[in-house]
Amino acid sequence: MTTPGITEAILAVTRRFPAALTVSTCGFITRDLYNVADRPRNFYLVGSMGMAAPVGLGIALAAPGRQVVVLDGDGSFAMNLSVLPMIAEHRPNLVHVVLDNGVHESTGGQRPVHIGDPAGLALAAGYAAAHTIDSLDALEALDPADGPTLVHIRCAPRGKSAGARVRWTPAQIVARFAEAAA
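Structure report, in brief. (Residues numbered from 1 in each chain as written. Predicted model: local features only at pLDDT ≥ 70, side-chain atom pairs only at ≥ 80, totals over all residues. Heavy atoms only, no water.)

Counting across every chain of the model gives 2 aromatic pairs. Ring geometry for Tyr-34 and Tyr-44: centres 5.9 Å apart, planes at 80°, overall edge-to-face. Residue Tyr-34 is located in helix α2 (residues 28-37), and its partner Tyr-44 is located in strand β2 (residues 42-44); the two are separated by 10 residues in the primary sequence. Accessibility expressed as a relative area gives 12% for Tyr-34, which makes it buried. (Phe/Tyr/Trp six-rings, centres within 6.5 Å; stacked < 30°, edge-to-face > 60°. Helix = DSSP H or I, 4+ residues; strand = E, 2+ residues; numbered from the N terminus. Buried < 20%, exposed > 50% of the residue type's maximum accessible area, 1.4 Å probe, protein only.)

The next thing to look at is unusual backbone geometry. Here Arg-91, not a glycine, exhibits a phi torsion of approximately 55°, which is positive. By the element assignment, Arg-91 lies in the loop between α5 (83-90) and β4 (94-100). According to the relative accessible area criterion, Arg-91 is partly exposed, its value standing at 41%.

Neither face of strand β1 (residues 21-24) is open: one carries Leu-21 and Val-23, the other Thr-22 and Ser-24, and all of them are buried. Across 4 bridges, β1 lies against strand β3 (residues 68-73) in parallel orientation. Bridging across to β3, Leu-21 finds its partner in Val-68. The pairing of β1 with β2 spans 3 bridges and is parallel. When the bridges of β2 are listed, Thr-22 appears paired with Asn-42. (Pairing = 2+ DSSP bridges.)

What follows covers the pairing of strand β6 (residues 149-154). Counting buried residues in β6 gives 5 out of 6 residues, a clear majority hidden from the surface. Relative to β6, β4 runs parallel, the two sharing 6 bridges. Paired with Asp-100 across the bridge in β6 is Arg-154. With 5 bridges joining them, strand β5 (residues 129-133) and β6 adopt parallel strand pairing. Counterpart to Ile-133 in the pairing with β6 is Ile-153. Between β5 and its parallel partner β6, the chain crosses via helix α7 (residues 136-141), and the hand of that crossover is right-handed. (Right-handed = clockwise from strand over helix to strand, strands pointing away.)

Quick look at the structure:
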């Protein structure tokens, strides 16, 4: 079993949840999502580290009939742990994916604050389910719970620069997302 790279994991998540509204954290994760699976139902955060989960919660509350996937990095997840109980309390149809490669790749590879057990933390906050996985096969086998589910995916560091930056302006991102989410 080989630890997936973040780009592979993002592509696997988009394939596993093809109809979901997807929110991506800023930096390389947004660039990766844009380069491997650009679609109108992606909401790209281009400068809001730590805010993917709160934005995802807002979208899930506004569109309760839709599944929402949040793509968070380990560093951005650590920046806003206070959102976990809020997500748990509202019980949205939300899959919170934490892509954990152990570095802040977007800013030069610094080590983020280490969260020992993101899945355990989510469960303690009240998430319906939480899983830590090391392979894309485990992602395929996963069934999200009725309520918020955290999926902590251990990933290999990329070792190279991310692809092209999102070409959509913030206004264009909002407009195309709003149309796709309607």
